[in-house]
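# Residue-level structural notes
Below are the chains, spelled out letter by letter.
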Amino acid sequence: QVQLVESGGGLVQTGGSLRLSCVASGRTFISNVMGWFRQAPGKERDFVSAISRNGGITRYSDAMKGRFTISRDNAKNTLYLQMNSLKPEDTAIYYCAATSKTWPPVTTPDWYDDWGRGTQVTVSS
């Protein structure tokens with residue numbers, strides 16, 4: 001079974017930055033799209049960003065565009081999310097996910113096969 005483990009979350013002030021990582025391990029899995037989702041208390045899990053297998057295609061939620069950058073290092077089996085200019089409304093648990101599909105409707109959680117347990121990001125005002 002593929003294991004996805006997020007790290008890098010924490011408490012920052014408005015305008016600060018964090019870099020999240022997601023390391024994949026376990027059985028061999030040919031990952032295609034990987035993505036980030038987030039979930040705030042009492043809200044649904046929302047799309048943040050996604051990236052194709054070789055990094056050639058990326059997609060961002062409008063709320064994150066220009067502030068967040070997704071990347072991956074396949075040699076290290078690691079997905080990253082650089083978050084800049086953080087706002088209190090970015091406070092949420094951030095989850096990484098992976099799918100065997102080449103480029104499905106990446107904003108929809110149902111298309112992803114594997115999920116991490118999440119890392120907490122808290123932005124104070």
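Everything that follows concerns the structure shown earlier in this document.
Note that the structure is a prediction, hence the values are computed from the model and not measured. (Residues numbered from 1 in each chain as written. Predicted model: local features only at pLDDT ≥ 70, side-chain atom pairs only at ≥ 80, totals over all residues. Heavy atoms only, no water.)

## Side note on the packing of aromatic side chains
- Tallying each qualifying case throughout the model produces four aromatic pairs.
- When the centroid spacing of 5.7 Å and the interplanar angle of 75° are considered together, the rings of Phe37 and Phe47 count as edge-to-face. Residue Phe37 is found in strand β4 (residues 34-39), and its partner Phe47 is found in strand β5 (residues 46-51); the two are separated by ten residues along the sequence. As far as the burial class goes, Phe37 and Phe47 line up, both buried.
- Relative to Tyr112, the ring of Phe37 lies with its centre 5.2 Å away and its plane at 80°, an arrangement referred to as edge-to-face. A residue pair is termed long-range when its members are at least 10 positions apart, and Phe37 in strand β4 and Tyr112 in the loop between β9 (92-98) and β10 (114-115) qualify at 75 residues. Of the two residues, Phe37 and Tyr112, neither departs from the other in class, the shared state being buried.
- In this structure an aromatic cluster arises from ring pairing among Phe37, Phe47, Tyr112 and Trp115.
- Lying over the aromatic face of Tyr95, Arg45 brings its terminal NZ or CZ to 3.8 Å of the ring centre.
- If you follow Arg45 out to its NZ or CZ, it ends over the ring of Trp115, 4.8 Å from the centre. (Phe/Tyr/Trp six-rings, centres within 6.5 Å; stacked < 30°, edge-to-face > 60°. Helix = DSSP H or I, 4+ residues; strand = E, 2+ residues; numbered from the N terminus. Buried < 20%, exposed > 50% of the residue type's maximum accessible area, 1.4 Å probe, protein only. Lys NZ or Arg CZ within 6 Å of the ring centre and 35° of its normal.)

## Comments concerning the sheet that holds strand β3 (residues 18-26)
- One open sheet holds the four strands; their spatial order is β1-β3-β8-β7, and the pairing between them is antiparallel. Of all the strands in the sheet, the pair left with one neighbour each is β1 (2-7) and β7 (68-73). With strand direction ignored, the average angle separating the axes of adjacent strands in the sheet is 15°.
- One ladder, built from six bridges, connects β3 with strand β8 (residues 78-83); its direction is antiparallel. Its bridge partner lying in β8, Leu20 is registered against Leu81. (Pairing = 2+ DSSP bridges. Axes fitted to C-alpha atoms, helices over the stretch in contact; angles between N-to-C directions.)

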